[in-house]
Amino acid sequence: MQLKVPEHQVAGHIAKDGKPGPLVDDKGRFFKPLQGDSRGENEVKFYESFSTNTEVPDHIRRFFPVYHGTQAVEGSDGAAMIVLENLLADYSKPSVMDVKMGSRTWYPDASEEYVQKCLKKDTGTTTVSAGFRISGFEVYDHKESSFWKPERKLLRGLKVDGARLTLRKFVSSNSLSDMGSKPDSAFVSSVYGGSNGVLTQLLELKTWFENQTLYHFNSCSILMVYENESILKGNDDDARPQVKLVDFAHVLDGNGVIDHNFLGGLCSFINFLRDILQSPDESAES
Amino acid sequence: MLKVPEHQVAGHIASDGKLGPLVDDEGRFFKPLQGDSRGEHESNFYESFTSNKKVPDHIHRYFPVYHGTQLVEASDGSGKLPHLVLDDVVSGYSNPSVMDVKIGSRTWYPDVSEGYFKKCIKKDRETTTVSLGFRVSGFKIFDHQESSFWRAEKKLVLGYNADGARLALRKFVSSNSPADSNLTPPNCAFASEVYGGSNGILVQLLELKDWFETQTLYHFNSCSILMIYENESILMKGGDDDDVQAARAQVKLVDFAHVLDGNGVIDHNFLGGLCSFIKFIKDILLSVDKRHETETSPLENGN
């Protein structure tokens, strides 16, 4: 089995300084190293629970990566890895964006140190103000015919207007590395809009979140993916936009309460996309 | 002639020479403008909201009607102070049960002072604010056995966990004596008339939720939802819409000292908490429905 570093990872841990990062094979599988401090264990626990939970409606499963158990992998010191579906396996030139959902990334019962660390980051980003923050993205620049990824520092400094601009850039064809240029929102209808677009999928998730009390998805991200290859061939309608929830290291039981933190952020994110769909050429005004 | 309101359940209370709101006998409520610019802030909100054309007509019913400000003799004897003049939301009720629920998983907001932030977050974490997205601030119910009002102790209320909040919401619509120890479960006798029905609390909350999903005008930091209903006629149970009319359950938003401009973003903090609160109410209605399904009707019993 040939394993290699994934091409399009936009957020989270990467292989660095001898520490293992995620890997992919050529059979559509994604290998995620188990994070320390029981986080990896917690993520496995979630996937085990979720994949067999009969209370999760069938139509909601499409928003979660398929789980294939854990496996020790050669070359990673025998450390166990979580085996998941490679979400980008069927895409040849995917644009990807990771958005961390919720107006807080900490949760009751977390250690005081963790709470303070999260609070600092939450108040310094759009997490507190907008209910979500953009963790990372990689877009195919149609003008440059190459992929473009912003510096992480840039993303952390984003305020509400910057987040809005970035969400427009994500579906634009004009030069993205030029911070001054106005995004053309060329693919907004085929990615965010339409009966299979991101907005429709998010609205389906929202309905589930209004009632489900199974899990609290602390610090989880929504991943948005779409295909540029078909757009390059002139088939904007084959962009195949997909929404997936990822990163379950901090998921806890719902205990009869809805995940109001995730839901509030999700509703805010939905409103941002709606505004962009309704006025792709202008900045939305309150 | 101004007097201390009978039915206030949370916030500053004008008694024992303290500064607090007053009511007259014409259905008006006089709220002293709080210091530290909070009072000015609240009157600014009312001024803005009352004339804001972007607020849909059907949403105005959820807000107290504003009548400007007036110099009024303060309740603590400190002389004439500016007061907000509002419609008293409980005037028109003879024996109202009232509950104040602070909505949102945080009561602080960006750009507050370090001191205020620390104070708020401590309280938010110690109560159900962080865990549930709302906390019960206070409530009083009419005890039909004793024919008098029972008020929940503030300390008790602030110490609620999720189960405590759930219990309080059930007690709020029950006819068995609230003064009873917690051994007798609340019977939720009025749940369908107060929470349910085509004009009940749930329907009103769902209308508010719809508005909050798109409105970017205001962020209602630290605001409360007040639930009110009439006990006078509620003992007549027939299980139809007439009883809902008799209960006249109302939802009102109150306390706007910390409202800020929305600036193009929805009030996701309030909305998340509101959705959680709605789920709690829905669950109570579901449990009551289930109980009705399993109970045999008197007719079947008799024959």
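Rules of the game
Residues numbered from 1 in each chain as written. Chains lettered and ligands numbered in written order. Predicted model: local features only at pLDDT ≥ 70, side-chain atom pairs only at ≥ 80, totals over all residues. Heavy atoms only, no water. Salt bridge = Lys/Arg side-chain N within 4 Å of Asp/Glu carboxyl O. Helix = DSSP H or I, 4+ residues; strand = E, 2+ residues; numbered from the N terminus. Buried < 20%, exposed > 50% of the residue type's maximum accessible area, 1.4 Å probe, protein only. Contact = heavy atoms within 4.5 Å. Buried area = accessible area lost by both parts, 1.4 Å probe. Polar contact = N/O pair within 3.5 Å; in protein donor to acceptor, adjacent residues only side chain to side chain. Nonpolar A, V, L, I, M, F, W, Y, C, P; charged D, E, K, R; others polar. Pairing = 2+ DSSP bridges. Axes fitted to C-alpha atoms, helices over the stretch in contact; angles between N-to-C directions. Phe/Tyr/Trp six-rings, centres within 6.5 Å; stacked < 30°, edge-to-face > 60°. Lys NZ or Arg CZ within 6 Å of the ring centre and 35° of its normal.

According to the stated counting rule, one finds 21 salt bridges over all chains in the structure shown. A salt bridge links Arg-133 of chain A to Asp-122 of chain A; its shortest N-O distance comes to 3.0 Å. Here the residue Arg-133 of chain A occupies a position in strand β6 (residues 132–141), and Asp-122 of chain A occupies one in helix α3 (residues 112–124), the gap between them amounting to eleven residues. The closest approach of N and O atoms between Arg-166 of chain B and Asp-163 of chain B, which form a salt bridge, is 3.2 Å. Here Arg-166 of chain B and its partner Asp-163 of chain B are both found in helix α5 (residues 162–171), three residues apart, which amounts to about one turn of the helix. Since its relative accessible area comes to 23%, Arg-166 of chain B is described here as partly exposed. Shared partners join several salt bridges into a network, and the residues in it are Lys-206 and Glu-210 of chain A together with Lys-209 and Glu-213 of chain B.

Below, the discussion takes up the interface of chain B and chain A. On the side of chain A, 33 residues touch chain B, which itself brings 30 residues to the contact. Taking both sides of the interface into account, the surface hidden between chain B and chain A amounts to around 2400 Å²; carbon and sulfur atoms contribute 60%. At the junction of chain B and chain A, the tally comes to three salt bridges. Residue Glu-210 of chain A pairs with Lys-209 of chain B through a salt bridge whose shortest N-O separation is 3.1 Å. Scanning the region where chain B abuts chain A turns up eleven residue pairs in polar contact (both at pLDDT 80 or more). At the level of elements, α2 (114–126), α3 (129–132) and α9 (268–294) of chain B are the ones that each hand at least two residues to the side of chain B that touches chain A. For the side of chain B that touches chain A, the element with the most residues is α9 of chain B, which contributes nine residues. Considering only residue class, the side of chain B that touches chain A consists of eleven nonpolar, eleven polar and eight charged.

Residues and elements named next belong to chain B. Within the secondary structure, Ile-284 sits in helix α9. When the C-alpha positions of Ile-284 and Ser-222 are compared, they lie 25 Å apart, and in sequence the two are 62 residues distant. The contact partners of Ile-284, leaving out residues within four places of it in the chain, are Arg-166, Leu-169, Arg-170, Cys-188, Ala-191 and Tyr-195.

Our next topic: the environment of Asn-269 of chain B. Residue and element names in this part refer to chain B. Residue placement: Asn-269 occurs in helix α9. Classification of Asn-269 by relative accessible area gives buried; the value is 5%. If sequence neighbours within four positions are ignored, Asn-269 has contacts with Gly-104, Ser-105 and Arg-106. At 3.0 Å, the side chain of Asn-269 forms a polar contact with the backbone nitrogen of Ser-105.

Here the focus is the side chain of Asn-53 of chain A. Residue and element names in this part refer to chain A. Note on placement: Asn-53 falls in the loop between α1 (39–52) and α2 (58–61). Judged by its relative accessible area of 14%, Asn-53 falls in the buried class. Polar contacts involving the side chain of Asn-53 include one to the main-chain amide nitrogen of Glu-55, which spans 2.9 Å. A polar atom in the side chain of Asn-53 sits 3.1 Å from the side chain of Tyr-215. Ignoring anything within four residues of it in the chain, the contact list for Asn-53 reads Arg-61, Leu-214 and Tyr-215.

Looking now at the sheet that holds strand β10 (residues 242–246) of chain A. Consider a sheet: its strands pair through backbone hydrogen bonds, and that pairing is either parallel or antiparallel. All names here are of chain A. Strand order in this open sheet of five strands is β7-β6-β5-β9-β10, and the pairing throughout is antiparallel. The outermost strands of the open sheet, each flanked by one partner alone, are β7 (146–148) and β10. Direction aside, the axes of adjacent strands within the sheet are offset by 15° on average. Pairing analysis gives six bridges linking strand β5 (residues 94–101) to β6, with the strands arranged antiparallel. The partner of Asp-98 across the bridge, within β6, is Gly-136.

Below, the discussion takes up the packing of aromatic side chains. Residue and element names in this part refer to chain A. What the rule picks out here adds up to 55 aromatic pairs over all chains. Ring geometry for Phe-209 against Phe-217: centres 5.6 Å apart, planes inclined by 65°, an arrangement best described as edge-to-face. Of the two residues, Phe-209 and Phe-217, neither departs from the other in class, the shared state being buried. A network of ring pairs unites the aromatic residues Phe-46, Tyr-47, Phe-50, Phe-64, Tyr-67, Trp-208, Phe-209, Tyr-215, Phe-217, Phe-248 and Phe-262 as a single cluster. If you follow Arg-104 out to its NZ or CZ, it ends over the ring of Trp-106, 5.4 Å from the centre. Here the basic side chain of Arg-164 rests over the ring of Phe-272, its NZ or CZ set 4.6 Å away from the ring centre.

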